[in-house]
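Given next are the chains, with one letter for each unit.
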Amino acid sequence: MSRSEDIRNEVYRFLRQQKEFRYPDPILPGFRGIGKGIATKPVSAVSAPPAPAATRPAAPAGGNLTTVREDLGECTRCGLHGQRTNLVFGVGNPNAKLMFIGEAPGADEDRIGEPFVGRAGQLLDKIFAAADIRREDVYITNIVKCRPPGNRDPQPDEVTTCNPFLLQQIDAIQPQLICALGRFAAQTLLDKTEGIGRLRGRWFDWHGKRLICTYHPSACLRNESYKRPVWNDFQMLRDAYKELVEN
Ligand code: SF4
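Cut-offs and rules
Residues numbered from 1 in each chain as written. Predicted model: local features only at pLDDT ≥ 70, side-chain atom pairs only at ≥ 80, totals over all residues. Heavy atoms only, no water. Buried < 20%, exposed > 50% of the residue type's maximum accessible area, 1.4 Å probe, protein only. Helix = DSSP H or I, 4+ residues; strand = E, 2+ residues; numbered from the N terminus. Pairing = 2+ DSSP bridges. Near = heavy atom within 4 Å. 1 Å grid on protein atoms, 1.4 Å probe; cavity = no way out; pocket = protein on both sides within 12 Å on 5 of 7 lines; lining within 4 Å. Sits in = over half its atoms within 2 Å of the grid points. Nonpolar A, V, L, I, M, F, W, Y, C, P; charged D, E, K, R; others polar. Points joined across faces, edges and corners; volume = space filled by probe spheres on them. Phe/Tyr/Trp six-rings, centres within 6.5 Å; stacked < 30°, edge-to-face > 60°.

Enquirer: I'd love a proper account of the pairing of strand β3 (residues 139-142), names of residues and values included.
Expert: Burial along β3 is two-sided: Y139 and T141 facing one way and I140 and N142 facing the other are all buried. Pairing analysis gives 4 bridges linking strand β2 (residues 98-102) to β3, with the strands arranged parallel. Residue pairing for β3: G102 is matched across the bridge by N142.

Written out as structure tokens, the structure is:
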């Protein structure tokens, strides 16, 4: 089974569980490690698909991103829907080789309906420009799609309810590189508790994709000393991305 099929099967398993249990409890035992098992279990330990793989042909990259958005609809599956202005699904190239995943929409993102458009987003755009990465070439989204009140961390049940849609986005886009922006996204995706200072600056194998973590741009706005390590991380990312695009 290919890694792409494997991640797809994980999505189907989540969806089947959701359908079966109608969201009575968090689907996963914990909120960390989106796609539980993807980052921490060997491939052979992931559940078998609900139907033979032959009946589930692989969608072309980006081929069903629209369907994912339609399935999400005007989502009320978790409590975060109550105070949102806009659901912030994601933006960018549906066939991106590089995907950025942050924590959650902030106030500006909630107002406009697009991720990373506030001050942190403007800084991210500057980093993109310095690293020769075009925003329109990559895909940007968040762990959860609705703004937590007061910009608090998303709660475990909110993450577990929203994460099948992130997995479906990843499955649709099939990026080869993922960058987790900030502590929460890094810990959640990797199922780790170490601080971002220990997680950043190195590559992880995330279900066959290369994943790197760095400080969230908003952290850089609060603490200038984070800009240097962020730039170091983006140089690693830029080199890997260029190699991918040019070959
Ligand atoms: S955060 Fe996700 S699951 Fe919760 S209401 Fe928004 S889209 Fe739905």
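From this point, the narrative continues.
Enquirer: How would you sum up the site of the ligand? Please name residues and give values.
Expert: The ligand sits among L72, C75, C78, L80, H81, R84, L87, K145, C146, T161 and C162. In a pocket analysis with a 2 Å cut-off to the grid points, the ligand is assigned to the largest cavity. Looking at side-chain class alone, the shell around the ligand contains 7 nonpolar, 2 polar and 2 charged residues.

Enquirer: Would you mind going over the environment of T193 in detail, with residue names and values included?
Expert: Within the element layout of this structure, T193 appears in the loop between α6 (183-190) and α7 (196-199). Along the primary structure T193 and R84 are separated by 109 residues, whereas in three dimensions their C-alpha atoms are 28 Å apart.

Enquirer: I'd like a rundown of empty space enclosed by the protein, residues and numbers included.
Expert: The method is simple in principle: a probe with the dimensions of a water molecule rolls over the atoms, and the space it marks as empty is what remains. Summed over all chains, the structure comprises 1 cavity of 30 Å³ or more. The volume enclosed by the largest cavity comes to roughly 110 Å³. Surrounding the largest cavity, 15 residues form its lining, C75, R77, C78, C146 and C162 being those nearest its centre. Considering every element that reaches the lining of the largest cavity, the biggest residue donor is helix α5 (residues 156-173), with 4 residues. Of the residues assigned to the lining of the largest cavity, the class counts are 9 nonpolar, 2 polar and 4 charged.

Enquirer: Go over the packing of aromatic side chains, please, and point to the residues and values.
Expert: To describe a pair of aromatic rings, you give the distance between the ring centres and the angle between the ring planes. Summed over all chains, the structure comprises 4 aromatic pairs. With a centroid separation of 5.9 Å and 10° between ring planes, the pair formed by F100 and F234 is classed as stacked. Here F234 lies in helix α9 (residues 227-246) and F100 lies in strand β2, a separation of 134 residues in the sequence. As far as the burial class goes, F100 and F234 line up, both buried.

Enquirer: I'd like to hear about unusual backbone geometry, residue by residue, with values.
Expert: Of note in the backbone geometry, D191 takes a positive phi value of approximately 60° without being a glycine. With respect to the secondary-structure elements, D191 resides in the loop between α6 and α7. Note on D191: relative accessible area 24%, which makes it partly exposed. Positioned with a positive phi, H207 is a non-glycine residue whose angle comes to about 55°. Residue H207 is classed as buried on the basis of its relative accessible area, which comes to 5%.

Enquirer: Now, about the layout of surface pockets: what can you tell me, with residues and values included?
Expert: Quantified by volume, the largest pocket comes out at close to 640 Å³. Along its surface, the largest pocket is lined by 29 residues, and E103, H216, S218, A219 and R222 are the ones closest to its centre. Mapped onto the lining of the largest pocket, the elements with two or more residues apiece are α3 (107-112), α4 (119-130), α6 and α8 (217-222). It is α8 that contributes the most residues to the lining of the largest pocket, 4 residues altogether.

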